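Residues per chain, in single letters:
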Amino acid sequence: MTTDGKDEARALAAFIDASPSPFHACATAAAKLDGAGYGRLRENERWALTPGSYYVVRGGSLVAWTIPSAAQAAGGFRILGAHTDSPNLRIKPRPDVKSAGIRQLGVEIYGGVLLNSWLNRDLGLSGRVWVRDDGPTERREHLFRIDRPLLCVPQLAIHLNREIKTDGLRLDAQQHMAPMWGTGRGDERGFLDVVGAEIDVAPDEIISWDAMCHDLAPSSLLGTGEEFLAAPRLDNLCSCHCSLEALTADDAASRTHVSVVSLFDHEEVGSGSASGARGPLLGDVIERIVLSLGGDREDYHCAIAESICVSADMAHATHPNYVEVHEPNHHLAINGGPVIKLNANQSYATESETEAVFQRACEAADVPYQKWVNRTDLACGSTIGPATAARLGVRTVDVGNPQLSMHSAREICGSHDPGFLVRAMTRFLD
Ligand code: ZN
């Protein structure tokens, strides 16, 4: 084991490379939790929880928690939140198309994709499919991932696009982003044939899917001193990974309140879904834990009032080539530690009280921290923090590690920052 401060970045790289879709992120997290002795629960069964560690999965979302033996029904929760989804290209329901003799897949754009970043890359395919089972509405879920170079979105040559020099690159989501995967000479297989072969199921047994493209270049440390981590989906698998590391840390046994990690799907498209942060998932789990501990609805409200949530999502490090787009007095440094995000207009849920809580956790963990606001003349992004805060009424702080190239197919963060965030989160849970 090395001690150069980058071990957590290497562990994060492995987590990301194992998790090309939100469903795989949940499966990777579940495997880690299984290994740490967490019991998997089903939402459609009654829970009788004793002190211990548990998790549930709903679609591309996962909630895990630890109940210490000293837990009280109204004692409150320490919550870490993050999101499992990233902007990408999603396969349409009738995907097989052909243009100029080239076989392609029709794609929808999921979330705020930097379209240029998907050009000229070797792409794989992953997600889940539903397969027919016995009975009129019965179906089985299969996760699949194809890590061979299968797809590519070729960019138009500069000779055929002279305007690129004056107008910049213009990409139309409908016209220009369909990846290609063959010419039909000897291989006319369509989407169902390829995926069916991968999961060993006849094509006509596949009913429906959530399928998406992923960049095949593996995550890697980068730079003369390997101070950067280049990887896909840092937004927001970085925060997912760090939250799970903190929850399962060695000193978890000494905690006195219930600690929770909530990883949501659909943040990149507004969180409004049954498994998203605007849905009832986290509130349902919290209520069921309170009831399981012998509490009632009154205890639930006491517990909510006692709880604090750290909502973790990535932040915009100051870009060396675009310094002017950043707020001059709130620059963010790569490897400068986790960022506390503030916005007076509540695009972030941070309040001065929760800001103080997280700052103290950083100080106690001996971790540097940074504070960020957007330029006043630029519209501010948002995340799951305001969604869960508004839904549950839990006091929340929005934090996250600094990164560059956000929403690109390949992003960059600091190789020291994941370790900093894990230490700060671990102290927060303690
Ligand atoms: Zn994000």
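Chemist: Let's hear about the sheet that holds strand β12 (residues 228-231): which residues, and what values?
Modeler: Neighbouring strands of a sheet are bound in pairs by backbone hydrogen bonds; such pairs are parallel or else antiparallel. Across the sheet, which stays open at both edges, the five strands sit in the order β11-β12-β20-β19-β15 with mixed pairing between neighbours. Both edges of this open sheet fall to β11 (220-222) and β15 (315-316), since each of them pairs with a single strand only. The pairing of β12 with strand β20 (residues 411-414) spans four bridges and is antiparallel. In the sheet register, F228 faces β20, and the bridge partner there is G414. Contacting β11 and β12, helix α1 (residues 7-17) runs over the sheet at an angle of about 0° to β12. Across the sheet, helix α6 (residues 234-247) lies against β12, β19 (402-404) and β20, angled at about 40° from β20, the strand it touches most.

Chemist: Break down the domain arrangement of the protein for me, citing the residues and quoting the values.
Modeler: Per the domain assignment, the segments of the protein are domain 1 (7-86 + 232-429) and domain 2 (88-215). Facing 22 residues of domain 1, the contacting portion of domain 2 comprises 20 residues. Buried area between domain 1 and domain 2, both sides added, is near 1,500 Å², and the carbon and sulfur share of it is 59%. Counting every contact that joins domain 1 to domain 2 gives zero salt bridges. Considering every element that reaches the side of domain 1 that touches domain 2, the biggest residue donor is helix α2 (residues 22-35), with four residues. Considering only residue class, the side of domain 1 that touches domain 2 consists of eight nonpolar, eight polar and six charged.

Chemist: Outline the coordination of the zinc ion, supporting the account with residue identities and numerical values.
Modeler: Each protein donor to the zinc ion is listed here as H83 (NE2), D235 (OD), D313 (OD) and D313 (OD); together their distances run 1.9 to 2.6 Å. Viewed at the metal, the four donor atoms of the zinc ion are separated by angles of 53 to 139°, and the geometry they form is irregular. Between consecutive donors of the zinc ion, the numbers of intervening residues give the motif H-x151-D-x77-D. Of this pair, D235 sits in helix α6 while D313 sits in the loop between β14 (308-312) and β15; the two residues are 78 residues apart in sequence, bridging distant segments of the chain.

Chemist: Could you give an account of helix α8 (residues 297-306), naming the residues involved and the relevant values?
Modeler: Residues of α8 that are buried include every one of Y300, A303 and I304, and no others. Each buried residue of α8 sits inside an arc of 100° when the element is viewed along its axis, so together they form one side. Of the exposed residues in α8, those oriented more than 90 degrees away from the buried face are E298 and A305. Of the residues flanking the start of α8, the one acting as N-cap is D296, its side-chain oxygen 3.1 Å from the backbone nitrogen of E298.

Rules of the game
- Residues numbered from 1 in each chain as written.
- Predicted model: local features only at pLDDT ≥ 70, side-chain atom pairs only at ≥ 80, totals over all residues.
- Heavy atoms only, no water.
- Pairing = 2+ DSSP bridges.
- Helix = DSSP H or I, 4+ residues; strand = E, 2+ residues; numbered from the N terminus.
- Contact = heavy atoms within 4.5 Å.
- Axes fitted to C-alpha atoms, helices over the stretch in contact; angles between N-to-C directions.
- Domains from an automatic or database assignment.
- Buried area = accessible area lost by both parts, 1.4 Å probe.
- Salt bridge = Lys/Arg side-chain N within 4 Å of Asp/Glu carboxyl O.
- Nonpolar A, V, L, I, M, F, W, Y, C, P; charged D, E, K, R; others polar.
- Donors = N, O, S within 2.8 Å, 3.2 Å for Na, K, Ca; no water.
- Tetrahedral: all angles 85-135°; square planar, octahedral: opposite > 155°, others 65-115°.
- Buried < 20%, exposed > 50% of the residue type's maximum accessible area, 1.4 Å probe, protein only.
- Arc of directions from axis to C-beta.
- Polar contact = N/O pair within 3.5 Å; in protein donor to acceptor, adjacent residues only side chain to side chain.

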